[in-house]
Amino acid sequence: MTIRIKFLLIGIPLLVAASLVLYLGALYFQKWGALRALKAEIQMMGELAASNLAYDSPADKLGETREALQILRENLDLAYVIILDKSGNIVGQYRKALADQMNYRSIDESGFSEDKTILKGKTVIQRQDQKLGELYLGLTLDSLKQGRGAVRQNLLIVALVGFLIGTLAIFFVGTLITKPLRRMTRTAREIADGDLDKRANVAADDEVGQLARSFNMMIDHLQGSYKQMENTKQSLEKRVKERTKELQSEIGDRRKAEQALQDANMKLQMSVEQLEQRNAELKLLNELYDSLQTCNSEREIFAVCAQFAKRIFPEFEGIFFVYRAGRKVLEPAVVWGESITDFDIIEPEDCWAIRQGKPYIVEKRIDGLICPHMENDDNLFQPYLCVP
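What you see is a predicted model, and the numbers here were worked out from it, not measured in a lab. (Residues numbered from 1 in each chain as written. Predicted model: local features only at pLDDT ≥ 70, side-chain atom pairs only at ≥ 80, totals over all residues. Heavy atoms only, no water.)

Regarding the overall build of the protein
Item 1. Across its full length, the protein carries eight helices and eight strands.
Item 2. For the protein, the proportion of its 388 residues judged to be buried stands at 26%.
Item 3. Within the protein, residue pairs in contact and separated by at least 24 positions form 46% of the contacts whose partners lie at least 6 positions apart.
Item 4. Carbon and sulfur atoms make up 56% of the accessible area of the protein, which amounts to about 28,200 Å² in all. (Helix = DSSP H or I, 4+ residues; strand = E, 2+ residues; numbered from the N terminus. Buried < 20%, exposed > 50% of the residue type's maximum accessible area, 1.4 Å probe, protein only. Contact = heavy atoms within 4.5 Å. Areas by Shrake-Rupley, 256 points an atom, 1.4 Å probe, with all protein chains shown as cover.)

Take a look at the structure:
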């Protein structure tokens, strides 16, 4: 691949990006300016119409609105007009159905309708600081869209012309820069074929000329008495580096394999431990089930649960509560753990798990609401889990 082609491969994407940026930027600013002009137009129309209505009206109410409506309808972009008196009654209108469809009274910060097809405006009709009514206008965006289409086409043509001119400029500059380099390349090929008397032509004092001088100096050195020795040395160094790189690669692959084997053994050991733990838990659950089948009273059931709770949850402490429907309270039935010494009956409303109908866990004080039955006077918080 020649340098000239590289220039084109680098320059053309940059030209495309610059053309796109200019094209999109121009479209954006054209749209912004057109919308701004349209908003200024609807504001001016409203102010002029409101001024005419206020001037032609009696002292305290709106007068005839027909002339104002006729003037406003001369604008081809007009979508609707609604004129209200100070009591909110409609005294003049044009295309009221469309105005109601566009919810003409609701004007947000942008001023556009929900479907972005009409620009809405509102002007207060007043005379000498006395409000006589309100004027609501709506302008379509048809002319704006038509103008934007023409502008988009013109901008696209300009961008394409600029792209073509830039491509030709890059090609010309690339040719101008690479011409002496191509001559040096031809000379280098002739020297590589064995003609060591060839030298690069130094035609200028720029970077290319300096490169040609350096090239000629290199050829002079190659003709020295140490040519064979330097070539041999470089060849040996290259072989040593390649072999060293191969050895390093083999060592790295071996270490990765060993590490992968260690990781696999560790995962296998963890899986075996988890499986053993699950088997032990299943065994305890089966024993609990058999013991519960032989119980004849509620007291025996609670005693069995207390015994197996310590074995199933050796690292935790807890309480089993029983709901008493007659009293509508929860009574502690089974307690395990050495630190649980103060416990009493609780009401269902005191537990978020019962109120929500699902397990409720709080690991930190800031994670959620704390159940009232877990609060204490010492302000000492412990993570807990409630299961209804």
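Now, onward.
Topic: helix α7 (residues 298–312)
Item 1. Taking 1.5 Å as the rise per residue, α7 with 15 residues should run 21 Å; its terminal C-alpha atoms sit 20 Å apart, in good agreement.
Item 2. Among all positions of α7, only Phe-302, Val-304, Cys-305, Ala-306, Phe-308 and Ala-309 are buried. (Expected span 1.5 Å × (residues − 1).)

Side note on helix α2 (residues 66–73)
Item 1. Of all the positions in α2, only Ala-68, Leu-69 and Leu-72 are classed as buried. Projected onto a plane normal to the axis of α2, the buried residues spread over an arc of 100° and lie on a single side. Projecting away from the buried face of α2 at angles above 90 degrees are the exposed residues Arg-66 and Glu-67. (Arc of directions from axis to C-beta.)

Some details on the sheet that holds strand β4 (residues 130–140)
Sheet strands associate in pairs through backbone hydrogen bonding, adopting either a parallel or an antiparallel arrangement.
Item 1. Pairing is antiparallel across the open sheet formed by four strands, whose spatial order is β2-β1-β4-β3. Each end of this open sheet is capped by a strand with a single partner; those strands are β2 (90–94) and β3 (118–127). Adjacent strand axes in the sheet meet at a mean angle of 10° when their direction is disregarded.
Item 2. Pairing of β3 with β4, which is carried by ten bridges, proceeds in the antiparallel orientation. What sits directly across from Val-124, in β4, is Glu-134.
Item 3. Packing of α2 onto the sheet brings it into contact with β1 (78–85), β2 and β4, and relative to β1 it is tilted by some 160°. (Pairing = 2+ DSSP bridges. Axes fitted to C-alpha atoms, helices over the stretch in contact; angles between N-to-C directions.)

Describing the packing of aromatic side chains
In this description, an aromatic ring pair is defined by two values, namely the gap between the centres and the angle between the planes.
Item 1. Summed over the entire model, instances satisfying the criterion amount to one aromatic pair.
Item 2. For the pair Tyr-104 and Tyr-136, a centre-to-centre distance of 5.1 Å together with 75° between the ring planes defines the contact as edge-to-face. Remark: Tyr-136 occurs in strand β4 and Tyr-104 occurs in the loop between α3 (96–101) and β3; sequence separation between them is 32 residues. The burial state of Tyr-104 is the same as that of Tyr-136; both residues are buried.
Item 3. Directly above the ring of Trp-352 sits Arg-355, whose terminal nitrogen or CZ lies 4.3 Å from the centroid. (Phe/Tyr/Trp six-rings, centres within 6.5 Å; stacked < 30°, edge-to-face > 60°. Lys NZ or Arg CZ within 6 Å of the ring centre and 35° of its normal.)

A short note on the environment of Tyr-360
Item 1. Summarising the element assignment, Tyr-360 is placed in strand β7 (residues 360–362).
Item 2. With eleven residues separating them along the chain, Tyr-360 and Cys-371 place their C-alpha atoms 9.3 Å apart.
Item 3. Reaching out from Tyr-360, the side chain makes a polar contact with the backbone oxygen of Leu-369 at a distance of 2.5 Å. (Polar contact = N/O pair within 3.5 Å; in protein donor to acceptor, adjacent residues only side chain to side chain.)

Remarks on the side chain of Glu-134
Item 1. When you line up the elements, Glu-134 lands in strand β4.
Item 2. Relative accessible area serves as the criterion here: at 13%, Glu-134 is assigned to the buried category.
Item 3. Within polar-contact distance, the side chain of Glu-134 engages the side chain of Lys-131 at 2.9 Å.
Item 4. Excluding its chain neighbours within four sequence positions, the residues that come into contact with Glu-134 are Ile-82, Ile-83, Leu-84, Lys-122, Thr-123 and Ile-125.

What about the confidence of the model for the protein?
Item 1. With 89% of its residues at a pLDDT of at least 70, the protein reaches an overall mean of 79.
Item 2. When the elements of the protein are averaged for pLDDT, helix α5 (residues 207–222) gives the smallest value, 73, and helix α8 (residues 352–356) the largest, 88. (pLDDT = per-residue confidence, 0-100.)

Some words on the nonpolar core
Item 1. Grouped together as the largest cluster of nonpolar side chains are 24 residues, with contacts concentrated most on Leu-72, Val-81, Ile-83, Ile-125, Leu-135 and Leu-137.
Item 2. Counting residues per element, the ones that place at least two in this core are α1 (3–56), α2, β1, β3 and β4.
Item 3. In terms of residues, this core owes the most to one element, α1, which gives nine residues. (Core = buried A, V, L, I, M, F, W, Y, C linked by side-chain atoms within 4.5 Å.)

Description of the pattern of salt bridges
Item 1. Applying the stated criterion across every chain, the model contains five salt bridges.
Item 2. With a shortest N-O distance of 2.7 Å, Asp-100 and Lys-96 are connected by a salt bridge. One end of the pair is Asp-100 and the other is Lys-96, both in helix α3 and four residues apart, which spans about a single turn.
Item 3. The class for Asp-100 is partly exposed, based on a relative accessible area of 39%.
Item 4. The class for Lys-96 is partly exposed, based on a relative accessible area of 29%. (Salt bridge = Lys/Arg side-chain N within 4 Å of Asp/Glu carboxyl O.)

Describing the pairing of β2
Item 1. Bridging between β1 and β2 involves four bridges; their strand directions are antiparallel. If you follow Ile-83 over to β2, its bridge partner there is Gly-92.
Item 2. Joining the antiparallel neighbours β1 and β2 is a turn of four residues, in which Gly-88 adopts a positive phi near 90°.

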